[in-house]
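Examination of the molecular architecture
Below are the chains, spelled out letter by letter.
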Amino acid sequence: DKPIHYCDTTFRDAHQSLLATRMRTFDLLKVAERYAKMHPQTFSMEVWGGATFDVALRFLHEDPWERLAKIRAAVPNILLQMLIRGANGVGYKAYPDNLTERFVQQAWETGVDVFRIFDSLNWMPGMESCIGFVRNKTQGLAEASICYTGDILDPKRPKYNLDYYLRLAKQIEDAGAHILCIKDMAGLLKPYAATELIQGLRSTISLPIHLHTHDTSSLQAATYLKAVEADVDVIDVALGSLSGLTSQPNFNSIVEMLRGTPRHREFDQRSLNEFSNYWETVREYYYPFESGLKAGTSEVFQHEIPGGQYSNLRPQAAALGLGDKFEQVKQTFADVNQLFGDIVKVTPSSKVVGDMALFMVTNNLTTQDVLEKGESLSFPESVQSLFRGDIGQPEGGWPADLQKLILKDEKPFTDRPNEHLAPIDFDKEWAAFQTKFGPQTKFTDLLSYLLYPKVFEQYWAHVQQFGDVSLIPTRVFFYGLKPGEETIIDIARGKSVIVKLRSVGNVNDDGNRTVFFSFNGQTRNLEVRDRSVEVKTVRNQKIDKANPRQVGAPLQGMLSKVLVKDGEAVKRNTPLFIIEAMKMETTITAPDDSTVQSLHLGEGTLVNADDLVLTLA
Ligand code: PYR
């Protein structure tokens, strides 16, 4: 009957799941120190990892390492927690082991105390090495996860039954984890299943148990009640106004749920509500990233889309021109899961299921069509990679027939994908990196670059041009200033600048405008590219569907690579070109032995579905 512990996810999973991970360091730092002073009894704050690393660099042009260091400085007294995707680090693919090892070590040195480790297929070999890195290279805690899918109380889903989870938990304990996490990434763990699972775990392992869920169905407060009754140690919650729906259950309300019981832990409700009010105000700036979900939905028990993916999948579908087909995308997500043999779906495996669903909806394919026409389909790159074994092995293996259709003549592997990757030579990489990006770069920049080379390059170019934009207030960062408006930017402790927009000139031939502003009272001007005039409408020639010699783009995106030349002879399944859309690459292969007669579009062209890319002879 010990008081329950709380892990506050507001700084990571809450906004990853509600606002497409867009929360800026600026808004986190405004309250971090005060929260830590007011609520030191919080077990941990989840502040880093998962998608935040990629999104900080890619969309916010921020250094994720700086974010972590600043939060650490503001929060010296509460455990800081991160989410790491085992062998996939904070990325979507396997990385060399020594890169993940250095990453873990650096994360610890910069401020992480608790490493929540999971594998997206619940494959032990994907987690074991990472548990070892935390144990050997840090003095932090290795919290390893069983990712919960299906329903242990539903006899129609026997694959993921209680025995399955207990077996996995035992393996996690044996691998040396300090804490066990039940990672219910889609919010599928129902109240009575929580009782069974936690009681079962209590009699199987002796690790502390930390329960994570998402409130997509709106049932999860009941799950927490049952979990607390079954003696769970820690639960994940998010501050009121960033809780609920695809985020975690409401911190403020869960505290009240247990008040007056032996498991209550005291938190000042008035203070929690003040923090909730703060986040409610901040959330207004992020409305373009809201998922659109307005109420809890039991649909999640059918589609099983993780909370962290839900708010990303809608814009991803919209970007592919499927904005009005989101219902179909969700249904197809469930169909793809069955097609793939009922797998655990969490980043990156969930992204592959999402990619496949988007591919099928774009091309009007049912699972039956996939099985019948699979020979001639160009599956998305991520789907090929999954079936090749690049991110590990699912319980019970891959469906063999489908694997053959997807991989064609390629042989999959069944051992750790990391074994196939050469270790990083850090001395060599560091020297090359400094030559390329300059001596002012830090070792953490090299780690970012090794994890996300293209994203880092773009981030770095942005920093060279604009400096540290993480210091700009969020309203100004997203929406800019109106002429006559001014803003204060704190560039260092006790050092601020006042920027006032005076006027904006006309667009010149390069698509630039001259912007006149004052900087601490002094008039300045800058040439700035107006991205709104850059957008060109795409109108390429369409394929003639009756002519099998014409090869087109299977979906909307960018023609990122052309892999063949005019006149080149190709064999059946030779890769012809790659279409990149959002974070998904699709390789289009030759339908038969033939010759490239003409290329119609060049690399970098924006394409719509069925735009003619090349003709074969
Ligand atoms: C992530 O890997 O980002 C999750 O939230 C599961």
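Along each chain, the written sequence defines residue order, and numbers are assigned to residues from 1. Residue-level local features of this predicted model are given only where pLDDT is at least 70; pairs of side-chain atoms are given and counted only at 80 or more, and the full residue set underlies all totals for whole chains, interfaces and linings. Based on all heavy atoms of the structure, the side-chain values leave hydrogens and waters out of the count.

Regarding unusual backbone geometry
For the peptide bond that leads from Thr347 to Pro348, omega is 0°, which places it in the cis range. Numbering goes from the N terminus for both helices and strands, where a helix is a DSSP run of H or I of at least four residues and a strand is a run of E of at least two. Along the chain, the position of Pro348 falls in the loop between α14 (326-339) and α15 (349-362). For Ser218, which is not a glycine, the phi torsion comes out positive at approximately 75°. Examined against the element boundaries, Ser218 turns out to sit in the loop between β7 (209-212) and α9 (220-229).

A closer look at the packing of helix α8 (residues 191-202) against α9
Packing of α8 against α9 brings their axes to within 8 Å, and their N-to-C directions diverge by 30°. Here α9 runs roughly parallel to α8, going by the angle between their axes. Helix-helix and strand crossings are classified by hand; for α8 and α9 the assignment is right-handed. Taken together, the residues of α9 that come into contact with α8 (itself represented by Pro191, Tyr192, Ala194, Thr195 and Ile198) are Ala222, Thr223, Lys226 and Ala227. Under the scheme applied here, ten amino acids are nonpolar (Ala, Val, Leu, Ile, Met, Phe, Trp, Tyr, Cys and Pro), four are charged (Asp, Glu, Lys and Arg), and all others, including Gly, are polar. When its residues are assigned to classes, the contact of α8 with α9 shows six nonpolar, two polar and one charged. All axes here are fitted lines through C-alpha atoms, helices being fitted over the stretch that makes contact, and every angle between N-to-C directions spans 0 to 180 degrees. With respect to orientation, any angle under 35 degrees is reported as roughly parallel, any angle over 145 as roughly antiparallel, any angle of 65 to 115 as roughly perpendicular, and every other angle as oblique. By convention the crossing between two helices is left-handed if the near helix lies anticlockwise of the far one by an angle smaller than a right angle, and right-handed if it lies clockwise. Whether two residues are in contact is decided by their heavy atoms: any pair within 4.5 Å suffices.

Some points on the sheet that holds strand β5 (residues 141-147)
Strands sit in the order β1-β2-β3-β4-β5-β6-β7-β8 around a closed barrel of eight strands; the barrel is parallel. Taken pair by pair, the neighbouring strands of this sheet meet at an average axis angle of 30°, ignoring direction. Strands qualify as paired when DSSP identifies two bridges or more between them. Direction of pairing for β7 relative to strand β8 (residues 234-237): parallel, over a ladder of two bridges. By the bridge assignment, His210 is partnered in β8 with Val234.

Quick word on the packing of aromatic side chains
How two aromatic rings sit relative to each other is set out by the distance from centre to centre and by the angle between their planes. Aromatic pairs are defined between Phe, Tyr and Trp rings, using the six-membered ring for Trp, whenever the two ring centres lie within 6.5 Å; interplanar angles under 30 degrees are classed as stacked, those over 60 as edge-to-face, and all others as tilted. For the structure on display, the rule yields 38 aromatic pairs. Each ring, one from Tyr6 and one from Phe267, has its centre 5.5 Å from the other, and the planes form 85°; the classification is edge-to-face. Residue Tyr6 is located in strand β1 (residues 5-8), and its partner Phe267 is located in the loop between α10 (251-258) and α11 (269-283); the two are separated by 261 residues in the primary sequence. On the basis of relative accessible area, Phe267 is assigned to the buried category, the value being 0%. Considering the side-chain rings of Phe53 and Phe103, the 5.8 Å spacing of their centres and the 75° angle between planes classify their relative orientation as edge-to-face. With Phe53 in helix α3 (residues 52-58) and Phe103 in helix α5 (residues 97-110), this pair connects stretches of sequence that are 50 residues apart. A single burial state applies to Phe53 and to Phe103, both of which are buried. Above the face of the Tyr92 ring, Lys351 is positioned so that its terminal group lies 6.0 Å from the ring centre. Note on classification: 1.4 Å probe, protein chains only; a residue is buried when its accessible area is under 20% of the maximum for its type, exposed when over 50%, partly exposed between these limits. Only when the NZ of Lys or the CZ of Arg is both within 6 Å of the ring centre and within 35 degrees of the ring normal is a charge said to sit over the ring.

Limitation: the analysis is restricted to geometry and does not speak to function.
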